[in-house]
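Chains, contacts and geometry: an overview
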Amino acid sequence: RSYNIVLKLAKSQIKDLQQLKSLIVGHNKDTKQAILLGQVAKVGFPTAPATIMRDNQWRIVEITASLDTSVPLGTIVEQINDIKKSIKLPNGYSIYNAGVVEALKKNKGQVLLLVLAIFLVFVVLAVQYESLRDPFIIIISVPFALIGVKLGLWVTQINISLMTWLGIIMLIGIVVNNAIVLLEYIELERAKGQSINDAIVEAARLRLRPILMTTLTTVAGLTPLAIAWGEGAEMLKPLAIAIVFGLSFSLLISLFLIPVIYQYFHQPKKTITTV
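These notes cover the structure that comes with them.

Some thoughts on the overall build of the protein
- On a plain count of helices and strands, the protein comes out with 9 helices and 4 strands.
- Mapped from its N terminus to its C terminus, the protein presents α and β elements in the order α-β-β-α-β-β-α-α-α-α-α-α-α.
- Of the contacts formed within the protein by residues at least 6 apart in sequence, a portion of 60% connects residues at least 24 apart.

See below:
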């Protein structure tokens, strides 16, 4: 077994470096001569870091810099990679990216997760409607909700983070739900024998209040969190901002764009008669 032993001498016993080298640490069994510390160890004042940083149990030296906001992050990453290629490191040393670059890689993974969430929602709708036309009309409202999220992040000057992606995934379910409510009632009115225009007008009139209530109550409930009221609210602030701005913007899409797209895709086919 190996044990770490720390010896500490009184300040009066060590006045200079030479006295420390002359410290007796043992005796030779054969010659009975004293063994001095300077004979078995290198005594000196080497340079050492003030603090030791580790990452995954590896000792590291962190190099940081302030980024120019006018330059895209992708351009900065390319410049850093070019600098890394020109640096020749001795054996046992390596350079890797962290910080903002690592966060950028994680964001790419979150984008794939978002695409997967939209795909799964589309599959569920396709199974329920047994067609691809109506689910496609409903999913169209999702990209427009993302415009609202982008607008909210720009207004509040907040970067995209994990909480933002979680808010977007939650937003997809709410936006899709509003579109389903409106579309389902249009189908019910058409089943009663009304024309497409009359069914859309009637559905929009009757479903306006439930959609407004759902949207406004959600926005009102998340507003205190979006403006970071309360202890620890800043951690969930990006999530709330994504839902509040995205849901507010998608409200217009659900009430105006979805009926227009529905009317376009459900136009009665023209028949040609020959005599």
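Details of unusual backbone geometry
- Its identity as a non-glycine residue notwithstanding, Lys32 has a phi of 60°, on the positive side.
- Judged by its relative accessible area of 64%, Lys32 falls in the exposed class.

Describing the packing of helix α7 (residues 162–191) against helix α8 (residues 196–226)
- For the pair α7 and α8, the least separation of the axes is 8 Å and the interaxial angle reads 150°. Considering their axes alone, α7 and α8 lie roughly antiparallel with respect to each other. The crossing of α7 and α8 is right-handed. Contacts between α7 and α8 involve Ile174, Asn178, Val181, Leu182, Tyr185, Ile186, Glu189 and Arg190 on the former and, on the latter, Ile196, Ala199, Ile200, Glu202, Ala203, Ala204, Leu206, Arg207, Ile211, Thr214, Thr215 and Thr218.
- Tallied by class, residues from the contact of α7 with α8 come to 12 nonpolar, 4 polar and 4 charged.

Looking at the side chain of Glu189
- Relative to the helices and strands, Glu189 is located in helix α7.
- Discounting residues that sit within four places of it in the chain, Glu189 has contacts with Gln194, Ala199 and Glu202.

Side note on the packing of aromatic side chains
- Taken as a whole and assessed by the stated rule, the structure comprises 2 aromatic pairs.
- Arranged with centres 5.9 Å apart and planes meeting at 75°, the rings of Phe136 and Phe265 form a pair that is edge-to-face. Pair noted here: Phe136 is in helix α5 (residues 133–139) and Phe265 is in helix α9 (residues 233–265), with a separation of 129 residues, a long-range link.
- Residues Tyr264 and Phe265 carry aromatic rings whose centres are separated by 5.4 Å and whose planes lie at 90° to one another, so their mutual orientation is edge-to-face.
- Judged by relative accessible area, Tyr264 falls into the exposed class, the value being 63%.

Thresholds, definitions, all that
Positions within a chain are numbered from 1, following the residues in the order the chain's sequence is written. In keeping with the predicted nature of the model, local features appear solely for residues at pLDDT of at least 70, side-chain atom pairs appear and are counted solely at 80 or more, and the whole-chain, interface and lining totals rest on all residues. Where side-chain values are given, they derive from all heavy atoms of the structure, hydrogens and water being excluded. Secondary structure is summarised from DSSP: a helix means a run of H or I of at least four residues, a strand means a run of E of at least two, and numbering begins at the N terminus for each. In what follows, residue pairs with any heavy atoms lying within 4.5 Å of each other are defined as contacts. The buried label goes to any residue with under 20% of its type's maximum accessible area, the exposed label to any with over 50%, and the partly exposed label to all in between, with areas taken from a 1.4 Å probe on protein chains only. Only the contacting stretch of a helix is used when fitting its axis, a line to C-alpha atoms as for every element, and angles between N-to-C directions run 0 to 180 degrees. Each angle receives one of four descriptions, namely roughly parallel if under 35 degrees, roughly antiparallel if over 145, roughly perpendicular if within 65 to 115, and oblique otherwise. Handedness of a helix crossing follows the sense of rotation of the near helix relative to the far helix, less than a right angle counterclockwise being left-handed and clockwise being right-handed. Here the term charged refers only to Asp, Glu, Lys and Arg, the term nonpolar to Ala, Val, Leu, Ile, Met, Phe, Trp, Tyr, Cys and Pro, and the term polar to all other amino acids, Gly among them. Centres within 6.5 Å make a pair out of two Phe, Tyr or Trp rings, where for Trp the six-membered ring is used; the pair is then stacked when the planes are under 30 degrees apart, edge-to-face when over 60, and tilted otherwise.

By themselves, these figures tell us nothing about what the structure is for.
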